[in-house]
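Coordinate inspection notes
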Amino acid sequence: LVWLLVLSLAWLGPALGGEDEDEEVIEEEEKEKKEEEVLSDEIKEEDNVLVLHEHNFARALSEHQLLLVEFYAPWCGHCQRLAPSFAQAAAELRNESSPARLGKVDATAQTALATEFGITSYPTLKLFRDGNRTHPLAYTGRLDSQGIVRWMQRRAGPSATLLQDTDTSAAFINSQDLVVVGFFKDLKGEAAQAFFEVAAEMVDTTFGVAEAAELFQEYGLSADTVSLFKKFDEKQTNFPVDPERGLDTAELTRLLRVHSLQLVMEFTKETSNEIFSAKIPHHMLLFLNKSSPDQVSLQDDFRAAATGFRGEVRWPHGRDKEGGFGTPQPQCPLFPAQVLFVVVDVTGHGADVLPFFGMTAADAPTLRLVRMENNRKYQMEQDNFSDSAIRTFIQAVLDGKVKPHLLSAEPPEDWDTRPVKVLVGKTFEQVAFDETKNVFVKFYAPWCAHCQAMAAAWEELAERYKDREDIVIAEMDSTANELENITIHGYPTLHYFPAGPGRKMVEYKSARDVETFSKFLENGGTLPEEPP
C-alpha cells in the first residue's frame, strides 16, 4: 500500500502543481530571452525601419552613413499618424539602394537616448551622418513620405546638378517651370558651399551649379551669382553674391521662396502651403466670383498694382534704389517682399476662408490687406479697383494711416444674465476695462478641444462668483470677434483685467481648474506662493 501511494503521488504530482512550476520556468526563460534581446546589439526591423535602443544605437550609426531617427512615444497621436509615411519612405529609400536609412527609438522606454539627444517633444526627427552622434542635424522637411524621401535624397547625393556647357545648362533650365542655378568661380569656396546648404534644404526646388566661364558669359554674369529661372513672370532673376558679406543662407532661402511665387497667386488647395510658407509680412487679397466675367476682369489692375510691391531693395539710410524694384545689387541690404498679391475665388477653395474675414460670397468683389504677424485685416472702402487706388491703399496701410477692420458679432440678448458673461468686439471695452470690476476673460474658439475640456470648470467658476459685484467671469469667441490692441495667438487664452484706473491686463498661465482659478482671483490676479 505504501508503495502504491508513492507511485500515485509520483504520477499525480504534475497534476497537483507541477505544471505551475513548469509554467514558471517557461516564463522565466522567456523573460531572460527578452532581456538578452534588449542587451544585444542586434538590429531588428519593422516595415523597413530599424528598431533602435541604447545597446544597438552605436552599431546602427557605424553601419549606416546617413541615418534619420524618429524619437517617438507609443501614445503620441502625431507619431501614430506619421508611422505609415515614415515606413513608406523607409521602403522607397531601401528599394533605390540609397545609403540613407530610417530608424526609430521609443523615447519613453529608451530614456538614456532621449536625454542624450535632448528629446522634449514627439515626434522628434534627427539625422546622424557618418556615425557622428554628437552633432545630429534636426529634420526640417515635410512630414509625409515624399517630403522625407526628397530631404534624405538631397543629403545622400549632390544637392545641385553640375552644368558643364551651354547645351546641358539650356536643357536643365527648360526641364522645369522653375530652377535655381548657382554660378560660382570656385565650387569649393564658402559662397558655393552655402549655396549647396540652401539646395539641401529646399527639396521641392531643382538646383544646378556652374563654374564654366562660357556659362557666366551665356547668362550675362561677371561675378558669383545665384539665378532664378522661371517660365512665368520675370524669366531670370539674379541675386549677386556680396564679395564682402558672402552668401547668407537664410537671406537667400527667403529671396528664392518669395521670387519663386507667381506675381499674383491664386488661393487653392495646392498653393496654400506656398503662400503661407513664403513668410511675406502682408497679403493683399482680391475676393471675386470667377463665374462673373466683370469680376474676373478686375485681375488686370490687381496684377498691375502687384509689380510695385514684388520686393523692395533699399540702399542704406532708406535711399531707394532707382526704379524701386530690380535685381538686387551686391552693395544693397536685401529686404523681403512686403506684399504678396492673392486672388481668392469665393465660389471655389476660397469659400472656406470667408468666415475668417466675416464675409459671405455676396460681398465679392472686395479687397482686404492682412498683416500676417497679428492677423490684422484692413478693408479698402471705396469701390475703385484701379491699380493706382490699390497702390495708394496699400501704402497708407504700410505707413500706419489706416485703422484695422475689426470683426464683431452682435451681443446676445442675455449676454449679461448668465453666470458667464458673453462678450463681443463691440462690448469688450466697456466690460473688461470697467474700473469697478475685476474681469476674468476666456478667449476661445468653438472648435478647440482644449476650450471644450475646460468649459465645465469655467461655468463652475462663474457660478461660484455670480453674486460677487466686483468679479466678472466672461468669455469671447475670438474667431468671430477681434480687438485692436489684444492679439490672441492660441486657444484658450485667459486674461485678467483688474479693477482700478489704467488699462491693465494680466495673462493667466497656470492650471486650468476651479480651485486654482479661485486662488488667482482671491489673491488679486496673482497666485500665492506655495511652500516648497
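Our subject is the structure that appears above.
Let me sum up the structure you'll find in this document. None of the values given here were measured: they were computed from a predicted structure.

**Some points on the packing of helix α13 (residues 299-306) against helix α14 (residues 387-398)**
Between α13 and α14, whose axes approach to 8 Å, the crossing angle comes to 50°. It follows from the interaxial angle that α13 and α14 lie oblique. Pair α13 / α14 crosses with right-handed handedness. In this structure, α13 contributes Asp301, Phe302, Ala304 and Ala305 to the contact, and α14 contributes Asp387, Ile390 and Arg391.

**With respect to the sheet that holds strand β12 (residues 264-266)**
Strand pairing in a sheet relies on backbone hydrogen bonds. The paired strands run either parallel or antiparallel. The five strands lie next to each other as β12-β14-β13-β15-β16, forming an open sheet whose pairing is mixed. Where the open sheet ends on each side, the last strands, each with one partner, are β12 and β16 (376-379). Pairs of neighbouring strands in the sheet enclose a mean axial angle of 25°, with direction left out of account. In this structure, strand β13 (residues 282-288) lies alongside strand β15 (residues 366-371), joined through six bridges in antiparallel fashion. Counted as the bridge partner of leucine 285 is arginine 368 from β15. Strands in contact with α13 are β12, β13, β14 (339-345) and β15; relative to β14, the strand with the most contacts, it is inclined by about 165°.

**Remarks on helix α15 (residues 425-432)**
Listed as buried for α15 are Gly425, Thr427, Phe428, Val431 and Ala432. What you see down the axis of α15 is that its buried residues fit within an arc of 145°, all on one side. Elements that come into contact with the buried residues of α15 comprise β17 (421-423), β18 (438-444), β19 (471-477) and β20 (493-497).

**Considering unusual backbone geometry**
Of the consecutive residues tyrosine 122 and proline 123, the connecting peptide bond is found in the cis state with omega at -10°. For proline 123, the location among the structural elements is in the loop between α5 (111-116) and β5 (124-129). Each neighbour pair has its own omega, and for alanine 364 with proline 365 the value is 0°, a cis peptide bond. Within the secondary structure, proline 365 sits in the loop between β14 and β15. Backbone geometry at asparagine 48 places phi at a positive 70°, although glycine is not the residue there.

**Some remarks on the layout of surface pockets**
Reported here for the largest pocket is a volume of approximately 940 Å³. Along the wall of the largest pocket there are 26 residues; nearest its centre are Asp204, Thr205, Arg257, Glu274 and Ser277. When residues of the lining of the largest pocket are traced back to their parent elements, those giving at least two are α10 (249-260) and α11 (272-277). Of the residues forming the lining of the largest pocket, the biggest block, four residues, is contributed by α10. Split into classes, the residues belonging to the lining of the largest pocket amount to eight nonpolar, eleven polar and seven charged.

**Here we look at the nonpolar core**
Note that soluble globular proteins tend to have their nonpolar side chains buried in a common cluster. Counting 24 residues, the largest nonpolar core has Phe184, Phe195, Phe207, Val226, Leu247 and Leu256 as the members making the most contacts within it. The leading source of residues in this core is helix α8 (residues 190-201), at seven residues. Those residues in contact with leucine 247, other than ones at most four positions away along the chain, are Phe184, Ala191, Ala194, Phe195, Val226, Val241 and Leu252. In this structure, Leu263, Leu369, Ala389 and Ile390 belong to the second largest nonpolar core, which totals 23 residues.

Analysis parameters
- Residues numbered from 1 in each chain as written.
- Predicted model: local features only at pLDDT ≥ 70, side-chain atom pairs only at ≥ 80, totals over all residues.
- Heavy atoms only, no water.
- Axes fitted to C-alpha atoms, helices over the stretch in contact; angles between N-to-C directions.
- Helix = DSSP H or I, 4+ residues; strand = E, 2+ residues; numbered from the N terminus.
- Parallel < 35°, antiparallel > 145°, perpendicular 65-115°, else oblique.
- Left-handed = near helix turned anticlockwise from the far one by under 90°.
- Contact = heavy atoms within 4.5 Å.
- Pairing = 2+ DSSP bridges.
- Buried < 20%, exposed > 50% of the residue type's maximum accessible area, 1.4 Å probe, protein only.
- Arc of directions from axis to C-beta.
- 1 Å grid on protein atoms, 1.4 Å probe; cavity = no way out; pocket = protein on both sides within 12 Å on 5 of 7 lines; lining within 4 Å.
- Points joined across faces, edges and corners; volume = space filled by probe spheres on them.
- Nonpolar A, V, L, I, M, F, W, Y, C, P; charged D, E, K, R; others polar.
- Core = buried A, V, L, I, M, F, W, Y, C linked by side-chain atoms within 4.5 Å.

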